[in-house]
Amino acid sequence: MTSRIAAAIATCALSLGALASGAGVATATSPAPATGRAGDTPPLRPAINARAAAVDGCSYQVVRSHDSRYVYSVSGVFGGGARELTPQKEDYVRFSDDWRKVVQVDACAGERGQAPTALRVTGKLDHPEHYDPSVPRMIHSNDLKPAASSVIPKAPALTSVDRLDAATVRVSWKPAQGNPDQVILMERKPFYSSELGLWHPYTFQRDIQAGATSMDRKLERHPDIPPASRTHAYWMRVVNGGFVSDLRAEKPAPVEP
């Protein structure tokens, strides 16, 4: 799919609360209020707002702001040096009314040993020739000391996806544990872009009311949906304390309309 199609679909999906929104944009590095003597250079605030936590002995989750002009990487600090870490999975997640990019990385890939003492996020300006020289070519986060794995919440397991009629399914799950900030039903289904006049699979985030353990969902059954794009899928996600349940553990349950 061309970048033009992807951008148009993302724009349309944002108005419906689609998962892959570009909101929550990081600002370029800007000076903090000046302090001290006249002529002192004011300190710079990091352009990337991020936090990190261990998921297990090798995997780390980084939740960060996003500016779509940049290509991002995560590095681990080991002793006196730093090494770029292998990404495992990433996604956009809405935290209440704010969007963040959630990235999980592997600190053990290619080299096993000590855990990183800190993580760093770097953004490199994509296609810098298209931007004014005043736009920063590189942006950074502070060094992030990973929180313990206990801060990563657990998503409840799906128990069933039952067809109620030809166009409706009831998705059920186990009760969420630990009173998380948000329980989310993830739904991947065909999405129609009126701008481009086509259907394409897209993922939506459906926030769940406290205590609920099921939700009825309508299936998209339009005859113009291509056969390869008709499958729906559902899985659970949890947000708590600024972190998200393990993205690698998500196992979508597919449904044919």
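Just above sits the structure.
Residues numbered from 1 in each chain as written. Predicted model: local features only at pLDDT ≥ 70, side-chain atom pairs only at ≥ 80, totals over all residues. Heavy atoms only, no water.

Asks: Looking at this structure, I do not really get the packing of aromatic side chains. What am I missing?
Replies: Each aromatic ring pair is described using two quantities: the centre-to-centre distance and the angle formed by the ring planes. Tallying each qualifying case throughout the model produces four aromatic pairs. Between Tyr192 and Trp199, the ring centres sit 5.3 Å apart and the planes meet at 50°, which makes this aromatic pair tilted. A relative accessible area of 39% means that Tyr192 is categorised as partly exposed. One aromatic cluster is present, built from ring pairs that chain together Phe191, Tyr202 and Phe204. If you follow Arg51 out to its NZ or CZ, it ends over the ring of Phe243, 5.6 Å from the centre. Taking NZ or CZ as reference, Arg64 lies 3.7 Å from the ring centre of Tyr72, over its face. (Phe/Tyr/Trp six-rings, centres within 6.5 Å; stacked < 30°, edge-to-face > 60°. Buried < 20%, exposed > 50% of the residue type's maximum accessible area, 1.4 Å probe, protein only. Lys NZ or Arg CZ within 6 Å of the ring centre and 35° of its normal.)

Asks: So what exactly am I meant to see when it comes to the pattern of salt bridges here?
Replies: Pairs can form between side chains of opposite charge whenever their charged atoms are close. Evaluated as defined, the whole model comprises 14 salt bridges. Each of Lys89, Asp91, Arg237 and Glu250 takes part in one network of salt bridges that share partners. (Salt bridge = Lys/Arg side-chain N within 4 Å of Asp/Glu carboxyl O.)

Asks: Got a minute to help me understand the sheet that holds strand 7 (residues 118-125) in this structure?
Replies: As a general point, the strands of a sheet are linked pairwise by backbone hydrogen bonds and lie either parallel or antiparallel. Taken together, the four strands give an open sheet; going across it, the order is 4-3-7-8, and neighbouring strands pair in antiparallel fashion. Because the sheet does not close on itself, it has two edges, and the strands there are strand 4 (81-84) and strand 8 (138-140). Across this sheet, the average inter-strand angle for adjacent strands is 30°, counted without regard to direction. Where strand 3 (residues 70-78) and strand 4 come together, four bridges link them in antiparallel fashion. By the bridge assignment for strand 4, Gly76 is matched with Arg83. (Pairing = 2+ DSSP bridges. Helix = DSSP H or I, 4+ residues; strand = E, 2+ residues; numbered from the N terminus. Axes fitted to C-alpha atoms, helices over the stretch in contact; angles between N-to-C directions.)

Asks: Explain the state of the cysteines here, please?
Replies: Tallied over the entire structure, the rule returns one disulfide. Paired by a disulfide, Cys58 and Cys108 hold their sulfur atoms 2.0 Å apart. One disulfide, between Cys58 and Cys108, carries an S-S torsion of -90° and so falls in the left-handed class. Taken as a pair, Cys58 in the loop between strand 1 (50-54) and strand 2 (59-64) and Cys108 in the loop between strand 6 (98-106) and strand 7 lie far apart in primary sequence, 50 residues in all. (Disulfide = S-S within 2.5 Å.)

Asks: Would you take a moment to explain the nonpolar core for this structure?
Replies: As a rule of thumb, soluble globular proteins bury nonpolar side chains together. In terms of nonpolar packing, the biggest core is built from 21 residues, with Val62, Val74, Leu85, Leu119, Val121 and Leu144 touching the most fellow members. Secondary-structure elements contributing two or more residues to this core are strand 1, strand 2, strand 3, strand 6 and strand 7. Among the elements that take part in this core, strand 3 stands out by supplying four residues, more than any other. Excluding residues that lie within four positions of it along the chain, Val74 makes contacts with Val62, Arg83, Glu84, Leu85, Val105, Leu119, Arg120 and Val121. (Core = buried A, V, L, I, M, F, W, Y, C linked by side-chain atoms within 4.5 Å. Contact = heavy atoms within 4.5 Å.)

Asks: Honestly, the pairing of strand 9 (residues 158-165) in this entry has me stumped. Any pointers?
Replies: Within a regular beta strand, the side chains point alternately toward one face of the sheet and then the other, so they alternate between its two faces. For strand 9 and strand 10 (residues 168-173), the ladder comprises six bridges, and the chain directions are antiparallel. Note on strand 10: the bridge partner recorded for Arg163 is Val169. Linking strand 9 back to strand 10 in an antiparallel pair, the connection comprises two residues.

Asks: Would you explain unusual backbone geometry in this entry?
Replies: Excluding glycine, residues mostly have negative phi values, and the peptide bonds linking residues are mostly trans. Despite not being glycine, His127 has its phi angle at roughly 50°, a positive value. Along the polypeptide, His127 turns up in the loop between strand 7 and strand 8.

Asks: Could you clarify how one ought to interpret the sheet that holds strand 10 in this entry?
Replies: Taking strand neighbours across the sheet as the criterion, the three strands line up as 9-10-13 in an open arrangement whose pairing is antiparallel. Whereas interior strands pair on both sides, the edge strands pair on one side only; in this sheet they are strand 9 and strand 13 (214-218). Sheet twist, expressed as the mean angle between neighbouring strand axes with direction ignored, is 20°. When strand 10 meets strand 13, the two strands line up antiparallel, connected through five bridges. Pairing of Val169 across the sheet is with Arg217, part of strand 13.

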